[in-house]
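# Survey of secondary and tertiary structure
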Amino acid sequence: MNFEAIAAKVQNGGRLNQPEAVELYQHAPTSLLGRLADSVRARKHPDRVVTYIIDRNVNYTNICVARCTFCAFYRPVGSAEGYVLGFEEIFRKIDETIALGGGQLLLQGGHNPDLPLEWYEDLFRAVKQKYPQFKLHALSPPEIIHISRMSRLPVEQVLSRLITAGLDSVPGGGAEILVDRVRKLLNCYNKATADEWLDVMRHAHRAGLRTTATMMYGTVETLEERLEHLFRLRELQDEMEGFTAFITWSYQPSHTELGGSEATGIDYLRTLAIARLVLDNFDNLQASWVTQGGKVGQLSLAFGANDMGSVMIEENVVRAAGAAYCMDEIEIVRNIENAGFSAKRRNMHYELLGDPIFRDRAVPRMLELAVARADGDSSRSPEISRYAARSAAEKKARLTGH
Ligand code: SF4
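Our subject in this report is the structure included herewith. Bear in mind that the values here come from a model prediction, so they are computed numbers and not experimental data.

To continue, consider helix H7 (residues 155-165). Every buried residue of H7 is accounted for by Val155, Val158, Leu159, Leu162 and Ala165. Down the axis of H7, the buried set is contained in an arc of 125°. They therefore lie on one face. On its buried face, H7 sits against helix H5 (117-130), helix H6 (141-151) and helix H9 (194-206). At the exit of H7 stands glycine 166, carrying a positive phi of roughly 140°.

Encoded structure:
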């Protein structure tokens, strides 16, 4: 089938198979891909509402043993630049998030060998005790696998204990490309194979959690492998119906071991559009303005996206790789309305919470992103010494006091 016949099939509500998606992705003009994706967006969201969430992206530690070659964020065990946030620091970040009208943390971090399952349980319990209504969208599948391996407990049991402690939903990070050839080349096969990533999500869905799904493209994968990733997600969504949304972003090469160059804006829009067409069982697609900037983020709303993601209060991972776009609620709403949509706040389950907060009351403007830790702050988390140290570096730090 040529791409025109496939486009007609999509317009009639037909489901793409893999060879058809390859043909469209490789040969359809960008304007046609955009029109098709926009028609799917309009079918799923006829009210022209574009949503966003006020939450804070907190990276509790940057110490990581996984060492993915595309990552500029992590520091090896024992690095002078390594950190673990203390519970009080995390509480302060929650207070600031609540002041801006937020009700959730997106909590992710490195694979730190000195943080056992109990550290996460104690943190979640402490957050829920102090802020009973506050939500924890926390720990991507590779982090859950890391905790499962360290604690020698199956993933189901780790998830169940984390849920009891206060885990509300699981972010879809660490998926990169769900094809093992690619994962081996990026040194992220050991942290989680494609099957292992999907399996954590299957367990989370079975346990009643909703999760998101992501894709980081633009490293060493082929276009066919990007599509294989999308089809694997579609298959799991057919089976479990647990994904709330899909988010894709391009690899950010600065300061990474892998290096290379960043995918273009057109590549991003084509990838977003093909994802909207393949993932016909996903309700929501986010625009990734954090990596693409506000202007391409706004254009995403014409290429299949119906959500602007999060008001960015703090960002550490993408910034480490050279991108630091910042939009507060006023700026996000301006971009949504200027594109001809109405802007509504939502929660993690994509339930509408209401109109923009700043129209009800004055909120502080966020014109610069916060960071996990101020430069030069090398204070040690007071909680970490409650748990047995595993790494030689942490054992030494306890003996020497730093
Ligand atoms: S991407 Fe995550 S798992 Fe990989 S090195 Fe960075 S922090 Fe570690």
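After presenting the structure, the write-up continues.
Two orientations exist for strands paired in a sheet by backbone hydrogen bonds: parallel and antiparallel. The strand order across the open sheet formed by three strands is E2-E3-E4, and the pairing between neighbours is parallel. Lying at the two open borders of the sheet, with one neighbouring strand each, are strand E2 (56-59) and strand E4 (135-138). This sheet shows a mean twist of 30° between the axes of neighbouring strands, independent of strand direction. Where E2 lies against strand E3 (residues 104-108), four bridges are found, and the strand directions are parallel. In the strand pairing of E3, asparagine 57 is matched with leucine 106. Sheet contacts for H5: E3 and E4; angle to E4, the most-contacted strand, approximately 155°.

Around the ligand, the structure places Cys64, Ala66, Arg67, Cys68, Phe70, Cys71, Tyr74, Gly110, His111 and Lys191. Of the residues that constitute the shell around the ligand, the class distribution is six nonpolar, two polar and two charged.

Moving on: the packing of H7 against H9. Following both chains from N to C, one finds H7 and H9 inclined at 50°, their axes separated by 10 Å at the closest point. Classed by the angle they form, the pair H7 and H9 counts as oblique. H7 and H9 meet at a crossing whose hand is right-handed. Contacts between H7 and H9 involve Val155, Glu156 and Leu159 from the first element and Val200, His203 and Ala204 from the second.

Right, let's talk about the nonpolar core for a bit. By size, the foremost hydrophobic cluster in this structure holds 121 residues, and its most contacted members are Leu24, Phe124, Leu233, Phe246 and Met308. Tallying contributions element by element places helix H11 (residues 265-278) first for this core, with eight residues. Those residues in contact with phenylalanine 246 that lie beyond four places of it in its chain are Ala213, Thr214, Met215, His229, Leu230, Leu233, Ala275, Leu279, Phe282, Asn284, Leu285 and Gln286.

What follows is about the pairing of strand E9 (residues 342-346). As judged from the four bridges shared by strand E1 (residues 49-54) and E9, these two strands associate in the parallel manner. Looking at E9, one finds that threonine 51 is bridged to lysine 344. Pairing of E9 with strand E10 (residues 352-354), which is carried by two bridges, proceeds in the antiparallel orientation. Note on E10: the bridge partner recorded for arginine 345 is glycine 354.

With that settled, the discussion passes to the packing of aromatic side chains. A full pass over the atoms with the stated rule returns eight aromatic pairs. Seen in terms of ring centroids, phenylalanine 87 and tryptophan 119 are 5.8 Å apart; in terms of plane orientation they differ by 65°. Their pairing is edge-to-face. Taken as a pair, phenylalanine 87 in helix H4 (residues 87-99) and tryptophan 119 in helix H5 lie far apart in primary sequence, 32 residues in all. You can call tryptophan 119 buried: its relative accessible area is 0%. Taking 6.2 Å as the distance between ring centres and 55° as the angle between the ring planes, the aromatic pair formed by tyrosine 131 and phenylalanine 134 counts as tilted. A connected cluster of aromatic rings, assembled from ring pairs, spans Tyr60, Phe87, Trp119 and Tyr120. Above the ring of tyrosine 189, the side-chain terminus of lysine 184 is found at 4.7 Å from the ring centroid. Between the NZ or CZ atom of arginine 346 and the centre of the ring of tyrosine 350, over which it lies, the distance is 3.8 Å.

Moving on: the pairing of E1. Across the six residues that make up E1, a large majority, six, are buried. Covered by surrounding structure in E1 are Val49, Thr51 and Ile53 together with Val50, Tyr52 and Ile54, the residues of both alternating faces. Across three bridges, the pairing between E1 and strand E8 (residues 307-311) is parallel. If you follow threonine 51 over to E8, its bridge partner there is aspartate 307.

All right, on to the pattern of salt bridges then. Overall, the coordinates contain 24 salt bridges when judged by the stated rule. Glutamate 20 serves as the salt-bridge partner of lysine 9, at 2.8 Å between the closest nitrogen and oxygen. Of this pair, lysine 9 sits in helix H1 (residues 3-11) while glutamate 20 is found in helix H2 (residues 18-27), placing the two residues 11 residues apart along the sequence. Lysine 9 sits in the partly exposed class, given a relative accessible area of 25%. Arginine 149 is the salt-bridge partner of glutamate 196, the closest N and O atoms lying 3.6 Å from each other. Remark: arginine 149 occurs in helix H6 and glutamate 196 occurs in helix H9; sequence separation between them is 47 residues. Judged by its relative accessible area of 31%, glutamate 196 is partly exposed. Linked through salt bridges whose partners overlap, the residues forming this network are Arg15, Asp238 and Asp280.

Rules and cut-offs
Each residue is numbered by its place in its chain's sequence as written, counting from 1. Owing to the predicted nature of the model, reporting of local features is limited to residues with pLDDT of at least 70; listing and counting of side-chain atom pairs is limited to 80 or more, with chain, interface and lining totals taken over all residues. Only hydrogens and water are removed before side-chain values are computed, so all heavy atoms of the structure are retained for them. Buried, partly exposed and exposed residues are distinguished by accessible area as a fraction of the type maximum, computed with a 1.4 Å probe on protein chains only: under 20%, between the cut-offs, and over 50%, respectively. Secondary structure is summarised from DSSP: a helix means a run of H or I of at least four residues, a strand means a run of E of at least two, and numbering begins at the N terminus for each. The arc under discussion is defined with respect to the helix axis, by the directions toward the C-beta atoms. Residues are treated as being in contact if the distance between any of their heavy atoms lies within 4.5 Å. The pairing criterion is simple: DSSP has to find at least two bridges between the two strands. Lines are fitted to the C-alpha atoms to define the axes, a helix being fitted only along its stretch in contact, and any angle between axes, read from their N-to-C directions, falls within 0 to 180 degrees. Proximity is defined per residue: any heavy atom of the residue falling within 4 Å of a molecule or strand makes that residue near it. We call Asp, Glu, Lys and Arg charged. Ala, Val, Leu, Ile, Met, Phe, Trp, Tyr, Cys and Pro are nonpolar, and the rest, Gly among them, are polar. Roughly parallel covers angles under 35 degrees, roughly antiparallel covers those over 145, roughly perpendicular covers 65 to 115, and oblique covers all other angles. Left-handed describes a crossing whose near helix is turned anticlockwise from the far helix by less than a right angle; the clockwise case is right-handed. Throughout this description, the term nonpolar core refers to a set of buried Ala, Val, Leu, Ile, Met, Phe, Trp, Tyr and Cys residues connected via side-chain atoms within 4.5 Å. Side-chain rings of Phe, Tyr and Trp (the six-membered ring for Trp) are treated as a pair once their centres are within 6.5 Å; stacked means planes under 30 degrees apart, edge-to-face means over 60, and tilted covers the remaining angles. Geometrically, a charge over a ring is one whose NZ (Lys) or CZ (Arg) sits within 6 Å of the ring centre while staying within 35 degrees of the ring normal. The working definition used for a salt bridge is a side-chain nitrogen of Lys or Arg within 4 Å of a carboxyl oxygen of Asp or Glu.

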